[in-house]
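Below are the chains, spelled out letter by letter.
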Amino acid sequence: MRILNESVIEGIKISIFEWNNKYILKYEIPFLEQIYKLPVEDFANLESVIKHTQDLKFVKKITQNFHSMEEVYEDFII
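To start, this report covers the structure provided alongside it. (Residues numbered from 1 in each chain as written. Predicted model: local features only at pLDDT ≥ 70, side-chain atom pairs only at ≥ 80, totals over all residues. Heavy atoms only, no water.)

**With respect to the environment of Leu-56**
Relative to the elements of secondary structure, Leu-56 occurs in helix α2 (residues 56–77). Remark: the alpha-carbon pair of Leu-56 and Tyr-73, spanning 17 residues in sequence, is separated by 25 Å. Setting aside residues up to four positions removed in sequence, Leu-56 forms contacts with Ile-9 and Glu-10. (Helix = DSSP H or I, 4+ residues; strand = E, 2+ residues; numbered from the N terminus. Contact = heavy atoms within 4.5 Å.)

Structure representation (structure tokens):
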């Protein structure tokens, strides 16, 4: 697996990997991560993947998922 791009948006680290004809999008905050696997053929090129990962509407959904995950995490550690 090789890393293609890394960036940070609104405190979320975004890494893009390519492996087995899939783009692997990894969103990370401390203690939590979300991973999405998308077929390479669904995108015209790497730039279109990067544009998608940095779309603020999409990042907002990722942020909402992290908030839900944090609630579960807090229930788990208490």
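**Things to note about the pattern of salt bridges**
Any two side chains of opposite charge can pair, on the condition that their charged atoms come close. Throughout the structure, instances matching the rule amount to three salt bridges. Linking Glu-18 and Arg-2 is a salt bridge whose minimum nitrogen-to-oxygen distance equals 3.5 Å. On the criterion of sequence distance, the pair formed by Glu-18 in strand β2 (residues 12–19) and Arg-2 in strand β1 (residues 2–9) is long-range, its members being 16 residues apart. We classify Glu-18 as partly exposed; its relative accessible area is 24%. (Salt bridge = Lys/Arg side-chain N within 4 Å of Asp/Glu carboxyl O. Buried < 20%, exposed > 50% of the residue type's maximum accessible area, 1.4 Å probe, protein only.)

**Things to note about the packing of aromatic side chains**
Inspection of the entire model under this criterion finds five aromatic pairs. Ring centres of Tyr-23 and Phe-43 lie 6.0 Å apart, and the angle between their planes is 80°; this geometry places the pair in the edge-to-face category. Highlighted residues: Tyr-23 in strand β3 (residues 22–29) and Phe-43 in the loop between β4 (32–39) and α1 (46–53), separated in sequence by 20 residues. Each member of the aromatic cluster is reached from another via a ring pair, and the members are Tyr-27, Tyr-36 and Phe-58. (Phe/Tyr/Trp six-rings, centres within 6.5 Å; stacked < 30°, edge-to-face > 60°.)

**Some words on a negative patch on the surface**
On the surface, Glu-70, Glu-71, Glu-74 and Asp-75 cluster together into a negatively charged patch. Relative to the assigned elements, Glu-74 resides in helix α2. Glu-74 gets classed as partly exposed once you look at its relative accessible area, which sits at 45%. (Patch = residues over 30% accessible without salt bridge, like charges linked within 9 Å, V, L, I, M, F, W, Y side chains within 5 Å. Areas by Shrake-Rupley, 256 points an atom, 1.4 Å probe, with all protein chains shown as cover. Lys, Arg positive; Asp, Glu negative; His and termini not counted. Charge placed at Lys NZ, Arg CZ, Asp CG, Glu CD.)

**As for a nonpolar patch on the surface**
Together, Phe-31, Tyr-73, Phe-76 and Ile-77 give the surface a local cluster of nonpolar side chains, amounting to about 530 Å² of exposed area. Summarising the element assignment, Tyr-73 is placed in helix α2.

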